[in-house]
Structures are given as C-alpha cells and as structure tokens.
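# Geometric and topological summary
Below, each chain spelled out in residue letters.
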Amino acid sequence: MSVLVFIETKGKISKAAKEAVTYGSKIGTTTVITFGDADAAALASLGDNGATKILVCRSLSEGNDQQLTKLIAAAANDCSSDVIIVSQDQLGKAVAPRVAANLEAGHVSGAIALPDTSSGFVVKTNVFSGKAFANVSVNSSKKVISLLPNSIPPESTGGSAEVAEFNPELGAAGITVKEMKTQGEGVLLPEAELVVSAGRGLKGPENWGMVEDLATTLGAATACSRPVADIGWRPHHEHVGQTGIAIRPNLYIAAGISGAIQHLAGVNGSKTIVVINTDSEAPFFKAADYGVVGDAFEVLPKLNEAMKAFKASQN
Amino acid sequence: MKLLVCISKAPDTTSKIAFTDSDTKFDENGVQYIVNPYDEWYALVRALELTEANGGTVTTITVGTAADDPTIRKALAIGATDAVRVDAEAKDPYFVAKQIAEYAKANSFDIVLTGKETINYNGAQIGSMVAEMLDQPFVSLAQKLEVSGNTATLERDVPGGAEVLEVNTPFVLSAAKGMAEQRIPNMRGIMAARTKALNVIPAIETAELTSIVSYSMPPAKSECKYIDADNMTELVELLHNEAKVI
C-alpha cells in the first residue's frame, strides 16, 4: 500500500511526527508531506523512522485548513496514496476530516493502534472520552487515519529519505492570524510524555512553584484541573479534562485533584497515573496506579527531592 | 445574520457505558440522552447571543430519527428560531456532514456552528467535513466569536498560548469551552418550543465510508498501590522499575 503522512514541523521534527511516520511505514511505502522552512537535513532524518520520500511545500509558511487540504490532496493524488495519516493534534483535527471529505475517503478519528487487515481494514479508536474503544471499518478505497499522540513509539530503521519540493496551486487562505499570544516556555502539554498536574488542593496560584519544580526536575509539562483554570490560577491551555484538552502521557502525576469523571475523561489514556491527595476517599484513587495519601504541600517537595536524587544517580 | 447550528444528541456524561449484541451496539438501556454539551452550551448559545444583539435567525439541524426530537425541542426551548431534522440514522461522519452541507448549500448561512466534538464518539469531524463540502474556511475549537458586518474575529487556545483569528463570512466553526455560558430554558421557552417549526426532510443517498464493527472496554485498572507519604524514594523506584515511565 502507498501511504502519505502529513506532518507539521515548526522548525523541528516533533515526536508526534516520528510516531505518525513509524505508524505509516508499518502499513506501506511511506511518503511525508509537510510545509514551511524546516531544513532539508532535519526532514531527511524522517527516513530513519521509515519514510522513503519527503515532499515539502516551501510556498506555505502558516498552516491553515483550506490550503493544507489542497496540499495534502494534491500529494495524495500525485503519489496515488491509499492511506493518509495525520496526527490528531489541533491542526490535524481541523485538516484531516476536510482531506477525507475532499478525497471521499473514509475517516478514522482517534486511532490508537495499527489497522487490522486480516478481514478488511479495521482500526481501533478511542470513544466515549476514553471509556471504551470502537473498531472502525473503513469501506472506501482511500482512507484517512487521525492518530492519537503516544499510541505507537517512534522506531529507528536506519533508512534514509530523499527530500523534494512540492508546490501545487493552493489558492488563498480564508483565515488570517491577527495575533499570537504565547505564554510561558517549557514542554508543550499535548505531546508531553510526563505531566505534573494540580488542582484546587493547592489553595492558590502562589503555591504552583512546587509543581513547576517537580516538572522541571522530570522534564515534564504542567497541567491543571478545570476549577483552577476557571478561577484564573493557571492559563486555560493547561486545563485537561472533558472540556479542556485530552492527553495521553506515559506518566500523569495529579496533586490535589479529586478526580471527577470530567477530569478523568481527559487523562484516562495515561499509561501510569500517580494521585496525591489528603482525602483517602478521593475518587481519583480508583483510577490511579500509585496513590499517596498526604498533603501535596509536603509530598510534592519530597517527591521532587527523591526524583532529583534518582536523576543524579542516573548520570 | 443567518446562522445554522448542528445539534446532536449524546448520552448524559454520567451514563454507564456498556454494549449489547455481541459488543456491536451501544447499550441504551437506562441511558438519558441530552443535547451534546458542546453543541448546546457553546455553539447554540453563542449563536443566540449574536442574533439577539444583531438580529437574524438561528436554525438547528440534526441528522437523526424521531427519537432525536426531544433533544431538538430542547434546543428550540433554549431559543432557536426553527429546526430541521434530516430523517435518517446518523450512519457515519461523512454521511452526516453530507446531509448538513446539502441543506446549508441550498439555504446559504453566514456561519455554520458545531460543537468541538460529541461526547460519545469524540470524532471532531463534522465541522471540518462540512466546511470542505461548502468550500469555506473552518475555524476549529473557537473559544470567542465576535461578528462585525461580514468579518468575524475569533480566539482560541493553541499549545502554549492563544491566537486571534479573522475570517470573512460565510464560514464554519467548531465551538469549545469559553464561547458562551449554559442557558437553562425557561417555561416560556419550553411552551414556545412546542409550536416552533421542526421540519423533517428526507436524507440524500451517500456511500457509507466507515462503519463501527465492534466495541470493547479498556482492561480493568489494577488496584491502586499506596505508598507512604514519607517514602517518596519508593515511589520513584516503582515508577522506574515497575511502571518503567521514568
């Protein structure tokens, strides 16, 4: 099968991009389509994840749904792609269904595993906010798959890829970005493997230092519960849960969060969950792998010290 | 301003998730259906606020059977002008998007609004597909929307920050948290909803591009392992040696 993987680079190759290319290369001969000014050597490194060819559109710098749909559809037609893979991040969510509609291809949203081709083409997906899985059969000849981050580990094949420019006619962008408000630095939450999160149990925004300290030690992203974002202790883009963003890190450490069903909906895809709470009856313990009944104000600094000692012993 | 809001029903967030018929169907036994919260709280209420301020109409559209009528009446009770139901089972996202796009094409709306996703399938597909079928821009996950003449200004969170966008009508958007506050329908609204038009129209034929063949449940979580609050070294060791996540 011929596979096309769309990635966004923003100057560097993200882990999500490597995952998508690895996923694609396990289905068939994989071509990557991307845009922007990432340098050719960085793009060629995707050969190591299994891509054989990289197409890059240099005429487009900002990603927008209409022009990217034209770009991906043109590449899919050019390469006679059977399967198109898009990482299910914010841009991917806007673009992938459009591409499917354009190509009259069946679209699988929220894929978490490779397709089962033993009988047809069936992909396992997350549904009911992570409380169940659905096996979705794609009945059309062309297929579009949106892959959830952290579903497949990137693999190194030792292969190489050629990089070629691809500049089809893309028409105009319908949306103009007037202003970007970037807040803070550090690890971006949606693709973080390790996340330290806290809730109302921390009593005030001035106490977030110990959350950030632990996150820094671990190289983790910080997150928060809904009430904390609603009262303005933390920025909204850190809010994980049903109405915030859903994340699937390897490790989710939650301090002072009771674990309401709406919060769990955003984090139940995490591989390992650590819950720290003074209330031994907090519902979050039922979803936790490891629990610490104790005051976050004492536990977080201790955990940070233990983590520092561990990191030091690793070097 | 002529607005179209896509309304879907969804099981109440506290519903027990179970499956029947050898795990091929969602078990509706005892399930209470509500208007999908993203469609209701954010897309519909913001559409109503805009037409209340600037004049205009809010039509809702639903692809579904007569079983969906109570949720459609709820949307009318909250304040929608009228409602359309495309009379068919919502088979797959492409099928649903096609029905909405055909209706929108024939009736030219300034903005088509959807919720960011339904809380049962979490597909986040309809808005993007409808936009492509209408050849219009699509703003996903919008959290603020202001309209002045033919120009709309929108805001949304992006990883690590937020952005402000500008787009001309007509366009399609998906609404996320922050767009508006939930409205509880009052008695007058509920009474008025009974006599508002709910137009049932036939579906157009399209291929079924995807189908759900079965469901499964995640494996049961093993018991939570408790660690003494004074022994964080043990937790770190477990995370390293047992969970292998650090």
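## Focus: the overall build of chain A
- A count of helices and strands for chain A gives nine helices and 15 strands.
- Scaling as 2.2 N^0.38, a compact globule of 315 residues should have a C-alpha radius of gyration of about 20 Å, and chain A matches this with 21 Å.
- If one aligns the C-alpha atoms of chain A with their principal axes, the spans along those axes are about 60 × 40 × 40 Å.
- In chain A, buried positions account for 58% of the 315 residues.
- Considering only contacts in chain A between residues 6 or more positions apart, those separated by 24 or more positions represent 66%.

## Observations concerning the sheet that holds strand 12 (residues 221–224) of chain A
- Taken together, six strands build an open sheet; the order of strands is 12(A)-11(A)-13(A)-14(A)-15(A)-16(B) and the sheet is parallel. Single-partner strands in this sheet number two, and they are strand 12 of chain A together with strand 16 (225–226) of chain B.
- Across two bridges, the pairing between strand 15 (residues 290–293) of chain A and strand 16 of chain B is parallel. Directly across from Gly291(A), in strand 16 of chain B, lies its bridge partner Tyr226(B).

## Here we look at the sheet that holds strand 10 (residues 175–182) of chain A
- With antiparallel pairing, four strands are arranged side by side in an open sheet as 10(A)-12(B)-11(B)-10(B). Only two strands of the sheet have a single neighbouring strand rather than two, namely strand 10 of chain A together with strand 10 (144–148) of chain B. Geometrically, the sheet is characterised by an average inter-axis angle of 15° between neighbouring strands, direction not taken into account.

## Description of the pairing of strand 11 (residues 151–158) of chain B
Residues and elements named next belong to chain B.
- Judged from the five bridges that link them, strand 10 and strand 11 form a sheet pairing that is antiparallel. Bridging from a neighbouring strand, Leu145 pairs with Leu154 of strand 11.
- Linking strand 10 back to strand 11 in an antiparallel pair, the connection comprises two residues, with Gly149 at a positive phi of about 60°.
- With eight bridges joining them, strand 11 and strand 12 (residues 161–168) adopt antiparallel strand pairing. Looking at the pairing, Asp157 lines up with Ala162 of strand 12.
- Counted along the chain from strand 11 to the antiparallel partner strand 12, the turn is two residues long, and its residue Gly160 has a positive phi close to 85°.

## What to know about helix 9 (residues 296–314) of chain A
- Along its 19 residues, helix 9 of chain A runs 26 Å from first to last C-alpha, staying within 8% of the 27 Å computed at 1.5 Å per residue.
- Looking at the packing, one finds that the buried side of helix 9 of chain A touches strand 11 (194–198), helix 5 (209–218), strand 13 (251–255), strand 14 (272–277) and strand 15 of chain A together with helix 6 (232–241) of chain B.

## Notes on the packing of helix 2 (residues 69–78) of chain B against helix 5 (residues 187–195) of chain B
Residue and element names in this part refer to chain B.
- One can describe the packing of helix 2 onto helix 5 by two numbers: an axis separation of 7 Å at closest approach and a directional angle of 125°. As judged from the angle between their axes, helix 2 and helix 5 are oblique. The interaxial crossing formed by helix 2 with helix 5 has right-handed handedness. Between helix 2 and helix 5, the contacting residues are Arg73, Leu76, Ala77 and Ile78 on the first element and Gly189, Ile190 and Ala193 on the second.
- By residue class, the composition of the contact of helix 2 with helix 5 is five nonpolar, one polar and one charged.

## Considering the interface of chain B and chain A
- Each partner contributes to the interface: chain B provides 63 residues, whereas chain A provides 72 residues.
- Of all the secondary structure elements, the ones that give two or more residues to the side of chain B that touches chain A are helix 3 (93–107), helix 4 (126–134), strand 9 (138–142), strand 11, strand 12, strand 15 (210–216), strand 16 and helix 6 of chain B.
- Here the side of chain B that touches chain A is built from residues that sort into 39 nonpolar, 16 polar and eight charged.
- Inspection of the sheet shows strand 10 of chain A paired to strand 12 of chain B by seven bridges, in the antiparallel sense. Residue Thr176(A) lies in a different strand from strand 12 of chain B, and its bridge partner there is Glu166(B).

## Things to note about the packing of helix 3 of chain B against helix 4 of chain B
All names here are of chain B.
- Two elements in contact, helix 3 and helix 4, have axes whose closest approach is 9 Å; the angle formed by their N-to-C orientations is 50°. Regarding the angle of helix 3 to helix 4, the classification is oblique. Here the hand of the crossing between helix 3 and helix 4 comes out right-handed. On helix 4, the residues touching Pro93, Tyr94, Val96, Ala97, Lys98, Ile100, Ala101, Ala104 and Lys105 of helix 3 are Ile126, Met129, Val130, Met133 and Leu134.
- Looking at side-chain class alone, the contact of helix 3 with helix 4 contains twelve nonpolar, no polar and two charged residues.

## Considering the confidence of the model for chain B
- Of all residues in chain B, 100% have pLDDT values of 70 or greater, and the mean over the chain is 95.
- Prediction confidence for the complex, expressed as pTM and ipTM, is 0.93 and 0.94 respectively.

## A short note on unusual backbone geometry
- Here the amide bond leading from Thr169(B) into Pro170(B) is cis, since omega sits at 0°, within 30 degrees of zero.
- Relative to the elements of secondary structure, Pro170(B) occurs in the loop between strand 12 and strand 13 (171–175).
- The phi angle at Ser80(A) is positive, at roughly 45°, despite the residue not being glycine.
- Turning to its location among the elements, Ser80(A) is positioned in the loop between helix 3 (65–78) and strand 4 (83–87).
- Taking the number of C-beta atoms within 10 Å as the measure of exposure, Ser80(A) has 9 and is therefore exposed.
- Notably, Ser22(B) is not glycine yet its phi reads approximately 55°, a positive angle.
- Inspection of the secondary structure puts Ser22(B) in the loop between strand 3 (19–20) and strand 4 (25–26).

## Notes on the environment of Ala51(A)
Residues and elements named next belong to chain A.
- Within the secondary structure layout, Ala51 lies in strand 3 (residues 51–57).
- Considering only alpha carbons, one finds Ala51 and Asp39, twelve residues apart in sequence, at a separation of 16 Å.
- Setting aside residues up to four positions removed in sequence, Ala51 forms contacts with Val21, Ser25, Thr30, Thr31, Val32, Leu46 and Ala161.

## Considering the domain arrangement of chain A
All names here are of chain A.
- Domains assigned within chain A are domain 1 (2–165) and domain 2 (189–314).
- Spacing between the C-alpha centres of domain 1 and domain 2 amounts to 31 Å.
- Facing the ten residues of domain 1 at the interface are eight residues of domain 2.

## Examining the nonpolar core
- Formed by 126 residues in total, the largest nonpolar core has its most connected members in Val5(B), Ile100(B) and Val130(B).
- It is helix 1 (residues 37–54) of chain B that contributes the most residues to this core, nine residues altogether.
- Filtering out sequence-adjacent residues up to four positions away, Val5(B) remains in contact with Asp39(B), Ala43(B), Leu44(B), Ala47(B), Val58(B), Thr60(B), Ala80(B) and Leu113(B).
- The next biggest cluster of nonpolar side chains, apart from the first, holds 54 residues, and it includes Leu194(A), Phe284(A), Ala288(A) and Met307(A).

Definitions and limits used
- Residues numbered from 1 in each chain as written.
- Chains lettered and ligands numbered in written order.
- Predicted model: local features only at pLDDT ≥ 70, side-chain atom pairs only at ≥ 80, totals over all residues.
- Helix = DSSP H or I, 4+ residues; strand = E, 2+ residues; numbered from the N terminus.
- Rg over C-alpha atoms; globule rule 2.2 N^0.38 Å.
- Buried ≥ 20, exposed ≤ 12 C-beta atoms within 10 Å, placed from the backbone.
- Contact = placed C-beta atoms within 7 Å.
- Pairing = 2+ DSSP bridges.
- Axes fitted to C-alpha atoms, helices over the stretch in contact; angles between N-to-C directions.
- Expected span 1.5 Å × (residues − 1).
- Parallel < 35°, antiparallel > 145°, perpendicular 65-115°, else oblique.
- Left-handed = near helix turned anticlockwise from the far one by under 90°.
- Nonpolar A, V, L, I, M, F, W, Y, C, P; charged D, E, K, R; others polar.
- pLDDT = per-residue confidence, 0-100.
- Domains from an automatic or database assignment.
- Core = buried A, V, L, I, M, F, W, Y, C linked by C-beta atoms within 7 Å.

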